[in-house]
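Understanding the architecture of this molecule
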Amino acid sequence: MKKVAGTLKIDQAQFRELESFTKFGGDIDPVTARVIDKGRKNERLLIQPQYKPLAVEEEVAVIYCGTKGLLENVPVDKVAEFEKLFLQLLHARHQADVLDPIRQGQLTDEIAEKITAAAQEIAARYN
């Protein structure tokens, strides 16, 4: 979790600062717009339904998607839907080779590639 969420706190602080700055109006450059978009999506990813917490391995996979910018093509209002479909895909195809190792504290480059591929497959639906 620390490895995946390491930059999340800094990213969200930067997002909040930029978001409050843009409330004053004016044009924003594309880089700032991307930071704000990523921050809004990360906020949505961190919301869990009451009394239905995610398993740690699911949280790690979802936060990985957010911190690596894999939701770039997903509209903000579709983040919860993306998360649901993404986790369904991981449970169906990658329980033994992604979720189980993450639960045991492993996150190799191979696992990261599989998470990325699964996220890209789901995100492609929103293009």
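Quantities reported herein were computed from a predicted structural model and do not represent experimental measurements. (Residues numbered from 1 in each chain as written. Predicted model: local features only at pLDDT ≥ 70, side-chain atom pairs only at ≥ 80, totals over all residues. Heavy atoms only, no water.)

What follows is about the packing of aromatic side chains. Any two aromatic rings considered together are summarised by their centre-to-centre distance and by the angle between their planes. Summed over all chains, the structure comprises one aromatic pair. Both rings, one in Phe82 and one in Phe86, keep their centres 5.7 Å apart while their planes meet at 10 degrees; by these two values the pair is stacked. Here Phe82 and its partner Phe86 are both found in helix H5 (residues 79-93), four residues apart, which amounts to about one turn of the helix. Taking relative accessible area as the criterion, Phe82 reaches 1% and is therefore assigned buried. (Phe/Tyr/Trp six-rings, centres within 6.5 Å; stacked < 30°, edge-to-face > 60°. Helix = DSSP H or I, 4+ residues; strand = E, 2+ residues; numbered from the N terminus. Buried < 20%, exposed > 50% of the residue type's maximum accessible area, 1.4 Å probe, protein only.)

It is worth spelling out the environment of Glu110 at this point. As for its placement among the helices and strands, Glu110 is situated in helix H7 (residues 109-123). A relative accessible area of 51% places Glu110 in the exposed class. C-alpha separation for the pair Glu110 and Val98, spaced 12 residues apart in sequence, amounts to 8.9 Å.

Opposite charge on two side chains lets them pair, provided their charged atoms get close. Counting across every chain of the model gives nine salt bridges. Where Arg40 meets Glu19, a salt bridge forms, and the shortest distance between an N and an O atom there is 3.3 Å. You can see Arg40 sitting in helix H3 (residues 30-46) and its partner Glu19 sitting in helix H2 (residues 8-22), a full 21 residues away along the chain. Take Arg40: its relative accessible area is 37%, and that puts it in the partly exposed class. Between Asp97 and Lys114 there is a salt bridge; the shortest N-O distance is 2.8 Å. Placement of Asp97 in helix H6 (residues 95-103) and of Lys114 in helix H7 is noted, with a sequence separation of 17 residues between them. Using a relative accessible area of 27% as the deciding quantity, one classes Asp97 as partly exposed. Residue Lys114 is classed as partly exposed on the basis of its relative accessible area of 22%. Sharing partners across several salt bridges, the network here consists of Glu57, Asp100 and Arg103. (Salt bridge = Lys/Arg side-chain N within 4 Å of Asp/Glu carboxyl O.)

Note that all results are geometric; they support no functional claim without further evidence.
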